[in-house]
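So you can see what is in the structure, the chains are spelled out below.
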Amino acid sequence: MPSYKLYYFPIKGLAEPIRFILSYMEQDFEDIRIEKDNWPALKPKMPFGKMPVLEVDGKQLHQSAAICRYLAKQCGLNGKDAWEDLQIDIAFETFNDFRQPVAAYYYDPNEDSKKLKWETLSKETIPFYQGKFEELAKNNGGYLANGKLSWADLYFVSCIDYLNALLKQDLLENTPTLKKLREEIFAIPAIKKWLEKRPKSEV
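Residues numbered from 1 in each chain as written. Predicted model: local features only at pLDDT ≥ 70, side-chain atom pairs only at ≥ 80, totals over all residues. Heavy atoms only, no water.

Student: I'm lost on the UniProt feature "domain: GST N-terminal" (unreviewed entry) in the protein chain in this one. Help?
Tutor: Residues annotated in UniProt with the feature "domain: GST N-terminal" (unreviewed entry) correspond here to residues 2–79. Its end C-alpha atoms 23 Å apart, residues 2–79 is made of 32% helix and 22% strand. (UniProt positions renumbered as here; feature names shortened; annotations may be inferred. Helix = DSSP H or I, 4+ residues; strand = E, 2+ residues; numbered from the N terminus.)

Student: Looking at this structure, how should I read helix α5 (residues 111–139)?
Tutor: The periodicity of an α-helix, 3.6 residues per turn, causes residues three or four positions apart to be oriented the same way. Taking 1.5 Å per residue, 29 residues should reach 42 Å; α5 reaches 39 Å between its end C-alpha atoms and fits that length. In the structure, α5 departs most strongly from a straight axis at Leu-121, where the bend amounts to approximately 50°. Lys-114, Leu-121, Thr-125, Ile-126, Tyr-129, Gln-130, Phe-133, Glu-134 and Ala-137 are the residues of α5 that are buried. Where the residues of α5 are buried, they touch α4 (82–106), α6 (151–167) and α7 (176–187). Where α5 begins, the side chain of Asn-110 points an oxygen toward the backbone nitrogen of Asp-112, at a separation of 2.9 Å. Following α5 by one or two positions, Gly-141 has its phi on the positive side, about 65°. (Expected span 1.5 Å × (residues − 1). Bend = angle between axes of the 7 residues up to and from the residue. Buried < 20%, exposed > 50% of the residue type's maximum accessible area, 1.4 Å probe, protein only. Contact = heavy atoms within 4.5 Å. Polar contact = N/O pair within 3.5 Å; in protein donor to acceptor, adjacent residues only side chain to side chain.)

Student: I tried to follow the pattern of salt bridges on my own but got confused; where do I start?
Tutor: When the charged atoms of two side chains with opposite charge come close together, those side chains can pair. One pass over the full model with this rule turns up twelve salt bridges. One salt bridge in this structure joins Asp-161 and Arg-198, with 3.8 Å as the shortest N-O distance. With a gap of 37 residues between them, Asp-161 in helix α6 and Arg-198 in the segment after α8 (189–197) connect regions that are remote in the sequence. For Asp-170, the salt bridge goes to Arg-182, with nearest N and O atoms at 4.0 Å. Of this pair, Asp-170 sits in the loop between α6 and α7 while Arg-182 is found in helix α7, placing the two residues twelve residues apart along the sequence. Asp-170 gets classed as partly exposed once you look at its relative accessible area, which sits at 27%. (Salt bridge = Lys/Arg side-chain N within 4 Å of Asp/Glu carboxyl O.)

Quick look at the structure:
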């Protein structure tokens, strides 16, 4: 069996989807959490100076979505053909389109521009994507693509808590199909086990 070491900061963030998929695989992995003060010394040793990084048998992999796609192929969370993989990628990329303005708002150090960003987020972006993703899940039997569980679903659900913390609200409010999807994924025994043992973090 391969040896897995996952490097990231002590938060959920972009590493949590990888943690979810490794847990779904029932694959042991070393969850290495780098404190902010220790990051400058480690940064030059990481590909392109960024994390998350997944080390597989000593080989460093970066880019969270690429890692998720790779792991999905090991456990059947990918599509059965190119068309299904495309639908999964579309769902993921659309979610990423939503995640980016949320992060841009939260990490903006300028309070004036942050207020302007929040106006657009709260009145336009959040309601738009809530409605669209709820509709997408309804049209796919409760999932985001192909009428079955995929890595896009795990990515979505694992990141929602992180985005909820950034925005201080429940993004699944008034989206019963998405709420049910989260409940279904949280009830998977291997995921449930991870949720129970993972270190607590605000984001």
